[in-house]
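Here's the letter readout for the chains.
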Amino acid sequence: MAHFAVSAVGADRPGIVAAVTAVFLEHGCNLEDSSMSILRGHFAMMLLVNAPDGVTEEQLEAALTDPAARFDLVVAVRRIDDRVPTSPAGEQWNLAVYGADRPGIVHRITQLLADNDINIVDLTTHVIGEPDQPVYAMLVDLTLPPGADAELLTRRLTHLADDLGVDCSLHRVEADVL
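Keep in mind that this is a model prediction, so the values were computed, not measured.

## Some words on the pattern of salt bridges
- Inspection of every chain in the model, using the stated rule, returns three salt bridges.
- A salt bridge links glutamate 91 to arginine 172, with the nearest nitrogen and oxygen atoms 2.7 Å apart. You can see glutamate 91 sitting in strand β5 (residues 91-100) and its partner arginine 172 sitting in strand β8 (residues 166-172), a full 81 residues away along the chain.
- Judged by relative accessible area, arginine 172 falls into the partly exposed class, the value being 41%.
- Note that aspartate 163 and arginine 108 form a salt bridge whose closest N and O atoms lie 2.5 Å from each other. With aspartate 163 in helix α5 (residues 150-164) and arginine 108 in helix α4 (residues 105-115), this pair connects stretches of sequence that are 55 residues apart.
- What makes aspartate 163 partly exposed here is its relative accessible area of 45%.

Okay, structure coming up:
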């Protein structure tokens, strides 16, 4: 078995997901992880595909040529290393950032996280509110490494949030009980 990361980006239209995933079904592949979103009218998807032995990166790229042309997509396929751990050890936390939209919010917050060895698992941003008063919203799922000081991180984030003119809140993810 081989694993491939597949990305596709293009103007949003009905049928993109069906066309792209049909290629994987035809090649006996399984979609293990996926993330799909509309970003200002553009469709973006990232897939982790498990392919049977013998299916190559080149075969999948060639097979995706037709849907890419039909939907005017930019598609990339990349074999990934199965030895890479799925996620660093640690506790799951959520970070929410809200405030006036301005350049540098994502960079400065993520740089602070990187400087503290904190892994970002998922990050979503949106400009919300009225056009004359846009509000920037950033939601981050992250992993605090074992032994990390959440209170110290909260203080650092609060200081940075004050400097950026945004509000910031950090919360531990509680396990869901089904």
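After that view of the structure, there is still more to cover.
## Here's the deal with the nonpolar core
- Among the nonpolar cores identified, the biggest contains 22 residues, and Val6, Val20 and Phe24 are the most heavily contacted of them.
- For this core, the secondary structure elements donating two or more residues are β1 (2-11), α1 (16-26), β3 (42-51) and α3 (65-71).
- For valine 20, the contacting residues outside a window of four places in its chain are Met45, Leu47, Leu64 and Leu73.
- Counting 21 residues, the second largest nonpolar core, distinct from the first, contains Ile105, Ala150, Leu157 and Ala161.

## A word on the environment of leucine 48
- Looking at the element boundaries, leucine 48 is found in strand β3.
- In sequence terms leucine 48 and arginine 78 are 30 residues apart; their C-alpha atoms lie 9.7 Å from each other.
- Excluding residues that lie within four positions of it along the chain, leucine 48 makes contacts with His3, Phe4, Asn30, Leu31, Glu32, Asp33 and Ile80.

## Description of α1
- All buried positions along α1 are accounted for by Ile16, Ala19, Val20, Val23 and Phe24. The buried residues of α1 occupy an angular sector of 140° when the element is viewed end-on, so they sit on one face. Relative to its buried face, α1 has exposed residues pointing more than 90 degrees away, namely Ala18, Leu25 and Glu26.
- With its phi angle positive at about 75°, glycine 28 sits one or two positions after the end of α1.

## What about the sheet that holds β3?
- Strand order in this open sheet of four strands is β2-β3-β1-β4, and the pairing throughout is antiparallel. Since the sheet does not close on itself, it has two edges, and those belong to β2 (30-39) and β4 (74-80), each with one partner. In this sheet, neighbouring strand axes are inclined to one another by 10° on average, regardless of whether the strands run parallel or antiparallel.
- Two strands pair when backbone bridges link them, and β1 and β3 are joined in this way by ten bridges, in the antiparallel orientation. Paired with alanine 8 across the bridge in β3 is methionine 45.
- Packed on one face of the sheet, α1 meets β1, β2 and β3 and runs near 15° to β3.

Each value, and the rule that gives it
Residues numbered from 1 in each chain as written. Predicted model: local features only at pLDDT ≥ 70, side-chain atom pairs only at ≥ 80, totals over all residues. Heavy atoms only, no water. Salt bridge = Lys/Arg side-chain N within 4 Å of Asp/Glu carboxyl O. Helix = DSSP H or I, 4+ residues; strand = E, 2+ residues; numbered from the N terminus. Buried < 20%, exposed > 50% of the residue type's maximum accessible area, 1.4 Å probe, protein only. Core = buried A, V, L, I, M, F, W, Y, C linked by side-chain atoms within 4.5 Å. Contact = heavy atoms within 4.5 Å. Arc of directions from axis to C-beta. Pairing = 2+ DSSP bridges. Axes fitted to C-alpha atoms, helices over the stretch in contact; angles between N-to-C directions.

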